[in-house]
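# Summary of structural features
Here are the chains, one letter per residue:
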Amino acid sequence: MAGIPALGPRRSTSPHSGTPRTSGTLDLSTLEQQCYSFLTQGLAPSTRRSYASAQAQFISFCTQLGQLHPSGSPCPADEWTLCLFATFLAARIQHSSIKVYLSGIRALHIEQGFPDPLANCLRLQRVVRGIKRSQGSSSSSRLPITDDLMLVIWRSLDLRLPDHLMFWAACSLGYFGFLRASEFTVPSLASFSPSTHLGVQDIAVDSPSAPSCMRVKIKASKTDPFRKGAFIHIGLGRPPLCAVHSVMSYLTCRGDIPGPLFLLQNGQPLSRSLLTDWLRLILASANIPGNFSSHSFRIGAATVAARNGVPDHLIQALGRWSSSAYQLYIRTPSESLAALSTKLA
């Protein structure tokens, strides 16, 4: 990226400065290029994109403060500069995003061979904590798509229309599969990758004529940086809430042409933004207020599972959570909490 120095060790500290680029049978230039490639691949592509934006803003900020070093890099940055940058960001973004920006600055230091600039920064920690206190908690918590709201979506669609059939299959798979939006949507046709995104070949059933179980291969996910992949298994639901039936009905209409699993009639894939916009339009038309997003299906699945008495360890397994983070996804209705008062009387 323009303005960001190339990856690699600082030249002034390189043990090979002033030496030939080959030593014996070793080609140091090739070795360094491979090393830089591994250094880059140490972060997921989505993380690198997020960090690149943060790094560009930090370089611009340091440029305005006159804090760039002769090399043109803001690294190494002192703690007070980081405190000022966090304060600068506080007027624009939430404290949780500021922490991501600071992680991007840490990554920039690591890439250029400098120590972690966030280590033992007690003032910076207090500044970020102060920003969190001053901003308060966000009231825009995403709401769950429960089984009741799934029925609202179903009633709003005309499944004789191919695009509606596709949308219902995507909603059903996202809900019953506890899927993250990135696991069943594609940003654009140009960005589709068979090695990463969901395709027809990733869906399998136990019986083509009378399926009772569907297996879905998730090739990449947020918590699977090394692309080991995972299989999820979905059984029959209670129609119309049944991912097996809805997905198989859609595939009969779609056919087996290559490309993203969920395709519109115009050939474009179902993107996260389209999924969210369509979902919000349906719920708004039904006079259901609230902050719903593509992630609401995963939240809703965890919420309904907990409500219906599914044990915690199974909820964790269904959502492929590696920690107790799944508990943050469970939304308990206020009336359920109020009803507990009778247990105290």
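Residues numbered from 1 in each chain as written. Predicted model: local features only at pLDDT ≥ 70, side-chain atom pairs only at ≥ 80, totals over all residues. Heavy atoms only, no water.

## Considerations on the overall build of the chain
As a reminder of what qualifies: Helix and strand definitions here come from DSSP, where helices need a minimum of 4 consecutive H or I residues and strands a minimum of 2 consecutive E residues; each element is numbered from the N-terminal end. For every residue, the accessible area obtained with a 1.4 Å probe (protein chains only) is divided by the maximum for its type, and the residue is called buried under 20%, exposed over 50%, and partly exposed between those limits. Contacts: residue pairs with any heavy atoms within 4.5 Å of one another. Residue burial considers only the protein chains on display, and all accessible areas are found by Shrake-Rupley using a 1.4 Å probe.
Assigned secondary structure in the chain consists of 12 helices and 5 strands. Considering the chain as a whole, with its 345 residues, one finds that 39% of them fall into the buried category. Here the contacts in the chain between residues at least 6 apart in sequence split such that 62% fall between residues at least 24 apart. For the chain, the accessible surface area stands at approximately 19,200 Å², while carbon and sulfur atoms represent 57% of it.

## Focus on the nonpolar core
Cut-off, in case you're wondering: Side-chain atoms within 4.5 Å link the members of a nonpolar core, which is a set of buried Ala, Val, Leu, Ile, Met, Phe, Trp, Tyr and Cys residues.
I145, M150, I153, L173, M214, F262 and F297 are the most contacted members of the largest nonpolar core, which totals 51 residues. Of the residues forming this core, the biggest block, 9 residues, is contributed by helix 7 (residues 162-176). Non-local contacts of F297, meaning those with residues more than four positions away in its chain, are made with I145, M150, I153, C171, G174, Y175, L275 and L279. Core analysis: the next-biggest nonpolar cluster, separate from the first, contains 19 residues, C83, L118, C121 and I131 among them.

## Notes on the packing of helix 2 (residues 45-65) against helix 4 (residues 95-111)
As a reminder, the rule being used: All axes are obtained by fitting lines to C-alpha atoms, using only the stretch in contact for helices, and the reported angles, taken between N-to-C directions, cover 0 to 180 degrees. Here the word oblique covers every angle except those under 35 degrees (roughly parallel), over 145 (roughly antiparallel) and from 65 to 115 (roughly perpendicular). For this classification, Asp, Glu, Lys and Arg are treated as charged, while Ala, Val, Leu, Ile, Met, Phe, Trp, Tyr, Cys and Pro are nonpolar and the rest, including Gly, are polar.
Contact geometry for helix 2 and helix 4: axes closest at 8 Å, N-to-C directions at 85 degrees. One finds that helix 2 runs roughly perpendicular with respect to helix 4. Between helix 2 and helix 4, the contacting residues are Y51, S53, A54, Q55, Q57 and F58 on the first element and V100, Y101, S103, G104, I105, A107, L108 and E111 on the second. A per-class count over the contact of helix 2 with helix 4 returns 8 nonpolar, 5 polar and 1 charged.

## Details of the confidence of the model for the chain
We apply this condition: For every residue, the predictor assigns a confidence score, pLDDT, that lies between 0 and 100.
Confidence in the prediction for the chain averages 87 pLDDT; 85% of positions are at 70 or higher. The low-confidence segment residues 1-9, where pLDDT is below 50, has 19 contacts with residues more than four positions distant or belonging to other chains. Scored below 50 in pLDDT, residues 11-18 makes 5 contacts in the model with residues more than four places away or belonging to other chains.

## Overview of the pattern of salt bridges
Under the convention used in this document: When a carboxyl oxygen of Asp or Glu is within 4 Å of a side-chain nitrogen of Lys or Arg, the pair counts as a salt bridge.
Following the criterion strictly, the structure yields 6 salt bridges and no others. Note that R307 is salt-bridged to D147, the shortest N-O span being 2.7 Å. Of this pair, R307 sits in helix 10 (residues 296-307) while D147 sits in helix 6 (residues 147-156), placing them 160 residues apart in sequence. Its relative accessible area of 46% is what places R307 among the partly exposed residues. Note on D147: relative accessible area 18%, which makes it buried. Here K219 makes a salt bridge to D202, at a shortest N to O gap of 2.7 Å. Here K219, found in the loop between strand 4 (213-218) and strand 5 (230-235), pairs with D202, found in the loop between helix 7 and strand 3 (203-205); they are 17 residues apart in sequence, far enough to count as distant. Among the charged side chains, a network of salt bridges with common partners joins R180, E183 and R320.

## Thoughts on helix 5 (residues 122-135)
Given 3.6 residues per turn, any residue in an α-helix points the same way as the ones three and four places further on. The test is simple: The span one expects for a helix is its residue count, reduced by one, times 1.5 Å. Directions from the helix axis toward the C-beta atoms define the arc.
Given a rise of 1.5 Å per residue, 14 residues ought to cover 20 Å, and the 20 Å separating the end C-alpha atoms of helix 5 matches this to within 8%. Taken together, the buried positions of helix 5 are L124, V128 and I131. The buried side chains of helix 5 occupy one side of the element, clustering within an arc of 55 degrees when seen end-on. For helix 5, the exposed residues lying more than 90 degrees away from the buried face are L122, R126, R133 and S134.

## Side note on the pairing of strand 4
For clarity, the cut-off: Strands were regarded as paired on the criterion that DSSP finds at least two bridges between them.
The two faces of strand 4 differ: M214, V216 and I218 on one face are buried, but C213, R215 and K217 on the other face are not. As defined by bridge partners, strand 3 adjoins strand 4 across 3 bridges and the pair is classed as antiparallel. By the bridge assignment, V205 is partnered in strand 4 with M214. Sheet analysis places strand 4 next to strand 5, joined by 6 bridges and oriented antiparallel. If you follow K217 over to strand 5, its bridge partner there is F231.

## A few points about unusual backbone geometry
With omega at 0 degrees, the peptide bond leading from C75 into P76 counts as cis. Mapped onto the fold, P76 is located in the loop between helix 2 and helix 3 (79-90). Residue P240 is bonded to the preceding P239 through a cis peptide linkage, with omega at 10 degrees. Relative to the assigned elements, P240 resides in the loop between strand 5 and helix 8 (243-254). Of note in the backbone geometry, F178 takes a positive phi value of approximately 55 degrees without being a glycine. Structurally, F178 can be placed in the loop between helix 7 and strand 3. The exposure class of F178 is buried, given its relative accessible area of 5%.

## Notes on the packing of aromatic side chains
Rules: Working definition: a ring pair exists when centres of Phe, Tyr or Trp rings (six-membered ring for Trp) sit within 6.5 Å. Plane angles under 30 degrees give stacked, over 60 give edge-to-face, the rest tilted.
The final tally for this structure, using the stated rule, is 9 aromatic pairs. Where F61 meets F88, the ring centres are 5.2 Å apart and the plane angle is 40 degrees; that geometry is what we call tilted. In this pair, F61 sits in helix 2 while F88 sits in helix 3, placing the two residues 27 residues apart along the sequence. Note on F61: relative accessible area 8%, which makes it buried. Overall, the relative accessible area of 27% leaves F88 in the partly exposed class. Geometrically, the ring pair formed by F167 and W278 is stacked, given 4.2 Å between the ring centres and 25 degrees between the ring planes. Taken together, the residues F167 in helix 7 and W278 in helix 9 (residues 272-285) connect sequence positions 111 residues apart. Given a relative accessible area of 0%, F167 falls into the buried group. Judged by its relative accessible area of 16%, W278 is buried. What links up through ring pairs into an aromatic cluster is the set F58, F61, F85 and F88.

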